[in-house]
Amino acid sequence: MHNHLEIANPQVRQKYGQLEGCVSIVGNVALSLIKLICGLAINSVSLIADAFHTLTDVITSVIIIISFRLAQKPGDQEHPFGYGRMEAIATLIIAVLLVVVSVEFFQSSIKRLIQPVPIRYDYYIFAVMIFSAAFKEWMYRFAKELGERIDSPALLADAWHHRTDAAASLGVGVGLLGVLIGFPQIDGLLGMAVAFLIAATGYQLGKDAANELLGKGPSEDLVETIRRHALQVKGVKGVHDIEVHAYGEAKYISAHICVDPALDVATAHDISDQVAAKIETAVSAPVLIHVDPWQRKSV
Ligand SMILES: [Zn+2]
Ligand SMILES: [Zn+2]
Ligand SMILES: [Zn+2]
């Protein structure tokens, strides 16, 4: 499904990240200006808030572009494993912004529920909100397509952000339609629902990014692949303590192998080199092998 050579290439990843970032910035600046003009024209607090919310998305797009640029920097003395985890840091920042935005949404929704204000709503504003939601849905699909192509958590995070924005615009548009037919409270209720949606998205993205930053364990699949290849080498009697450290796309693997305790150091070392080479070819990551003397009791 994926072209692994292409998605591992930092230059290709950077191009995809920058393309998505630019589309986000241009789209969000245009949408926020349209919504701000409409909001001021009809004196709608929720529409103005939605416009400002869209404007804050420009900031998150700038973060994505900067993080992709940093992620392709090679390792240096202070950061020997490179900047691969920069994408996770960017995702975490986006997640925090989503939660902050959701709290603000919730507060303004409660205010509107308690004290509805008169709004000069009209069907052409409704049409603008529907267009805004549809455009955001397109931005979601565009970012999701690119994010899936290069398997990037930051792009997928931004994609989901676009979709919550589409829901927010739809909620505001439909909510204000309720104002038109004599139910101003619908505006506040829909606003609260959208706030919960945004908060849930922020929580999920934040959790995933934090897991990557804390150093989550490797997949069962990867561990099994490493074990299988190690055991294929003649003289390996057991494999344990398989560890995988991931820095974005870059992975570093270490494992213990058990060999006959009667072997001399040169032979044991030769076996460990063969195991390392075999795993390296299988998963294309540097491998460090530690040799243990085989004991019947422990594995
Ligand atoms: Zn947003
Ligand atoms: Zn061991
Ligand atoms: Zn060696």
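Just so you know, these numbers come straight off a predicted model, no measurement behind them.

Chemist: Looking at this structure, I do not really get unusual backbone geometry. What am I missing?
Modeler: A positive phi angle, close to 50 degrees, is found at Asp241, a residue other than glycine. By secondary structure assignment, the location of Asp241 is in strand β1 (residues 238-247). Residue Asp241 is classed as partly exposed on the basis of its relative accessible area of 47%. Its identity as a non-glycine residue notwithstanding, Ser284 has a phi of 45 degrees, on the positive side. Looking at the element boundaries, Ser284 is found in the loop between α9 (265-283) and β3 (287-293). Judged by its relative accessible area of 68%, Ser284 falls in the exposed class.

Chemist: What is the right way to read the nonpolar core from this model?
Modeler: Looking at soluble globular proteins, one finds that nonpolar side chains tend to be buried together. If you look at the biggest cluster of nonpolar residues, it comprises 22 residues, and the most contacted ones within it are Ile253, Val275, Ile279 and Ile289. Residue assignment for this core shows that the elements contributing at least two residues are α8 (220-231), β1, β2 (250-259), α9 and β3. If you tally residues by element for this core, the top one is α9, at six residues.

Chemist: I keep staring at the domain arrangement of the protein chain and nothing clicks. Help me out?
Modeler: What the domain assignment lists for the protein chain is domain 1 (4-214) and domain 2 (220-293). Using only C-alpha atoms to locate each centre, domain 1 and domain 2 end up separated by 44 Å.

Chemist: Is there a simple way to explain the packing of aromatic side chains in this structure?
Modeler: Counted under the stated rule, the structure contains five aromatic pairs. Ring geometry for Phe135 against Trp138: centres 5.9 Å apart, planes inclined by 35 degrees, an arrangement best described as tilted. Separated by three residues within a single helix, Phe135 and Trp138 lie in helix α5 (residues 123-150), roughly one turn from each other. The exposure class assigned to Phe135 is partly exposed, which follows from its relative accessible area of 28%. Overall, Trp138 belongs to the partly exposed group, its relative accessible area being 43%. Both rings, one in Trp138 and one in Phe142, keep their centres 5.3 Å apart while their planes meet at 15 degrees; by these two values the pair is stacked. Placement of both Trp138 and Phe142 in helix α5 is noted, with a separation of four residues, approximately one turn of the helix. Owing to a relative accessible area of 22%, Phe142 belongs among the partly exposed residues under this scheme. A connected cluster of aromatic rings, assembled from ring pairs, spans Phe131, Phe135, Trp138 and Phe142.

Quick notes on the rules
- Residues numbered from 1 in each chain as written.
- Chains lettered and ligands numbered in written order.
- Predicted model: local features only at pLDDT ≥ 70, side-chain atom pairs only at ≥ 80, totals over all residues.
- Heavy atoms only, no water.
- Helix = DSSP H or I, 4+ residues; strand = E, 2+ residues; numbered from the N terminus.
- Buried < 20%, exposed > 50% of the residue type's maximum accessible area, 1.4 Å probe, protein only.
- Core = buried A, V, L, I, M, F, W, Y, C linked by side-chain atoms within 4.5 Å.
- Domains from an automatic or database assignment.
- Phe/Tyr/Trp six-rings, centres within 6.5 Å; stacked < 30°, edge-to-face > 60°.

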